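Structural overview for review
The primary structure of each chain is shown beneath.
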Amino acid sequence: MDISVVIPLYNEEESLSELFQWIARVMKENHFSYEVIFVNDGSTDKSWKVIESLKAQAPDAVHGIKFRRNYGKSPALYSGFELAQGDVVITMDADLQDSPDEIPELYRMIKEEGYDLVSGWKQKRYDPLSKTIPTKLFNATARKVSGIHNLHDFNCGLKAYRNEVIKSIEVYGEMHRYIPYLAKNAGFKKIGEKVVHHQARKYGKTKFGLDRFVNGYLDLISLWFTSTFGIQPMHFFGLLGSLMFIFGLIAVMIVGFGKLIAMHSGVPYRLVTDSPYFYLSLTSMIIGTQLFVAGFLGELITRNAPERNKYLIEKTI
Ligand code: UDP
Ligand code: MG
């Protein structure tokens, strides 16, 4: 099969059949064999009814998955990816903001230009300002942290992947914002971008509020941490802990010896416990030790991680 289109959706009843007809038309014009996987993320409207009727119309082309409750876009994508059989997998939002007309070019870029992942770039966006400005900031940070400098729009719903890519990464929580980073961490280097058309939302309303930016930043930090120190957390905690401990030790020695010298030379002196430096150095030593212990705990946890010795490999046949 050439293409799998994975569509996560939450309460998008008005858009679905228009979207499917449009995809089907594009596929037919370009002679692609394809499947469309609708992942209904616990919608409370009639979305599932619509998907069932599409399935009845085109049993070979349509697959539906339904969550019993709303889990989020990432779990929806994950479940769609598990089923996807096409050589190229395209993800797309259900709200008609992404255009299926982009599919042939995305397919060509993966197949002919050898990209592992091509992300859409909504260069001209039809979203409110309250969303576009924080998005710019978000993307700049994501570029810096991930080291993928050529992407302008990490969180674009319209993306294309080589099948191996989606089978090798695990999208969870709200990590759909960082799929290119996940792909890079899995060893896929050829990550490209294509400018795509974007439209204002026709039906329904956006499912994400401003909390997306707070969560987005926290997720980025977690991802950076796990990709840098995930296998050996001691390298992070141990270094930090040692530095703090040594700093505290030296400081406490200065306070102690200072007093001894003062006693010896008959200069008036105070109790060490009267000096604020004593408490600061003590605190620093305690925190240092705790960080070290956190490192050991981290090592014990990764020791039990089943994927500790799983590597993504390619073999000669
Ligand atoms: N979506 C989902 N589960 C959720 C929230 C959103 O499957 O919990 C889907 C939604 O139906 C849409 C896509 O994710 O197909 C993108 O959502 P939305 O259009 O609300 O995001 P925006 O375009 O505002 O970034
Ligand atoms: Mg949208």
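Quick summary incoming for the structure in this document. (Residues numbered from 1 in each chain as written. Chains lettered and ligands numbered in written order. Predicted model: local features only at pLDDT ≥ 70, side-chain atom pairs only at ≥ 80, totals over all residues. Heavy atoms only, no water.)

**Re the packing of aromatic side chains**
All told, the structure shown has 14 aromatic pairs when counted by the stated rule. An angle of 90° between the planes, with centres 5.2 Å apart, marks the rings of phenylalanine 67 and tyrosine 71 as edge-to-face. Judged by relative accessible area, which is 12%, phenylalanine 67 ranks as buried. Exposure remark for tyrosine 71: the relative accessible area of 45% places this residue in the partly exposed category. (Phe/Tyr/Trp six-rings, centres within 6.5 Å; stacked < 30°, edge-to-face > 60°. Buried < 20%, exposed > 50% of the residue type's maximum accessible area, 1.4 Å probe, protein only.)

**Points about the site of ligand 1**
Around ligand 1, the surrounding shell holds 18 residues, and the nearest of these are Glu12, Asp41, Asp95, Lys131 and Thr206. Between an oxygen atom of ligand 1 and a side-chain N or O atom of arginine 201, the distance comes to 2.9 Å. With respect to ligand 1, the side chain of threonine 206 contributes an N or O atom lying 2.5 Å from an oxygen atom. Across the shell around ligand 1, the residue classes break down as five nonpolar, four polar and nine charged. (Near = heavy atom within 4 Å. Polar contact = N/O pair within 3.5 Å; in protein donor to acceptor, adjacent residues only side chain to side chain. Nonpolar A, V, L, I, M, F, W, Y, C, P; charged D, E, K, R; others polar.)

**Section: the nonpolar core**
For soluble globular proteins, the rule of thumb is that nonpolar side chains tend to be buried together. Ile3, Val5, Ile7, Phe20, Ile23 and Phe38 are the most contacted members of the largest nonpolar core, which has 38 residues in total. The set of elements that each furnish at least two residues to this core consists of β1 (3-9), α1 (13-29), β2 (34-40), α2 (47-57), β4 (88-91) and α4 (103-111). Considering each element in turn, this core owes the most residues, eight residues, to α1. Counting 33 residues, the second-largest nonpolar core is a separate cluster that includes Val6, Phe67, Ile169 and Ala186. (Core = buried A, V, L, I, M, F, W, Y, C linked by side-chain atoms within 4.5 Å. Helix = DSSP H or I, 4+ residues; strand = E, 2+ residues; numbered from the N terminus.)

**Description of the environment of proline 233**
Turning to its location among the elements, proline 233 is positioned in the loop between α8 (211-229) and α9 (234-264). When the C-alpha positions of proline 233 and isoleucine 301 are compared, they lie 9.4 Å apart, and in sequence the two are 68 residues distant. Discounting residues that sit within four places of it in the chain, proline 233 has contacts with Gly298, Glu299 and Thr302. (Contact = heavy atoms within 4.5 Å.)

**Re the packing of α9 against helix α10 (residues 276-303)**
The N-to-C vectors of α9 and α10 enclose an angle of 160°; their axes lie 7 Å apart at closest approach. Taken as axis vectors, α9 and α10 run roughly antiparallel relative to one another. As α9 packs across α10, the resulting crossing turns out to be left-handed. Grouping the constituent residues of the contact of α9 with α10 by class yields 18 nonpolar, nine polar and one charged. (Axes fitted to C-alpha atoms, helices over the stretch in contact; angles between N-to-C directions. Parallel < 35°, antiparallel > 145°, perpendicular 65-115°, else oblique. Left-handed = near helix turned anticlockwise from the far one by under 90°.)

**What to know about α2**
If you check which residues of α2 are buried, you get Ser47, Val50, Ile51 and Leu54. All buried residues of α2 fall inside an arc of 100° around its axis, so they share one side. More than 90 degrees from the buried face of α2, the exposed residues found are Lys49 and Ala56. The secondary structure elements touched by the buried residues of α2 are β1, α1, β2 and β3 (62-66). (Arc of directions from axis to C-beta.)

**A few points about the pattern of salt bridges**
If you walk through the whole model with that rule in mind, you get 17 salt bridges. As a salt-bridge pair, aspartate 87 and lysine 111 come within 3.3 Å of each other at their nearest N and O atoms. Pair noted here: aspartate 87 is in the loop between α3 (73-83) and β4 and lysine 111 is in helix α4, with a separation of 24 residues, a long-range link. The class for aspartate 87 is partly exposed, based on a relative accessible area of 35%. Note that aspartate 116 is salt-bridged to arginine 162, the shortest N-O span being 2.3 Å. Residue aspartate 116 is found in the loop between α4 and β5 (117-121), and its partner arginine 162 is found in strand β6 (residues 159-162); the two are separated by 46 residues along the sequence. The exposure class of aspartate 116 is buried, given its relative accessible area of 8%. Arginine 162 gets classed as partly exposed once you look at its relative accessible area, which sits at 23%. (Salt bridge = Lys/Arg side-chain N within 4 Å of Asp/Glu carboxyl O.)

**Examining a nonpolar patch on the surface**
Residues Phe245, Ile246, Leu249, Ile250, Met253, Ile254, Phe257, Leu260, Ile261, Met263 and Tyr269 make up a contiguous nonpolar surface patch of about 1,100 Å² in total accessible area. Among the secondary structure elements, methionine 263 is positioned in helix α9. The class of methionine 263 is partly exposed, set by a relative accessible area of 41%. (Patch = residues over 30% accessible without salt bridge, like charges linked within 9 Å, V, L, I, M, F, W, Y side chains within 5 Å. Areas by Shrake-Rupley, 256 points an atom, 1.4 Å probe, with all protein chains shown as cover.)

**Concerning unusual backbone geometry**
Its identity is not glycine, yet asparagine 11 carries a phi of approximately 55°, on the positive side. Within the element layout of this structure, asparagine 11 appears in the loop between β1 and α1. Look at histidine 31: it is not a glycine, yet its phi comes out positive at around 55°. Among the structural elements, histidine 31 can be located in the loop between α1 and β2.

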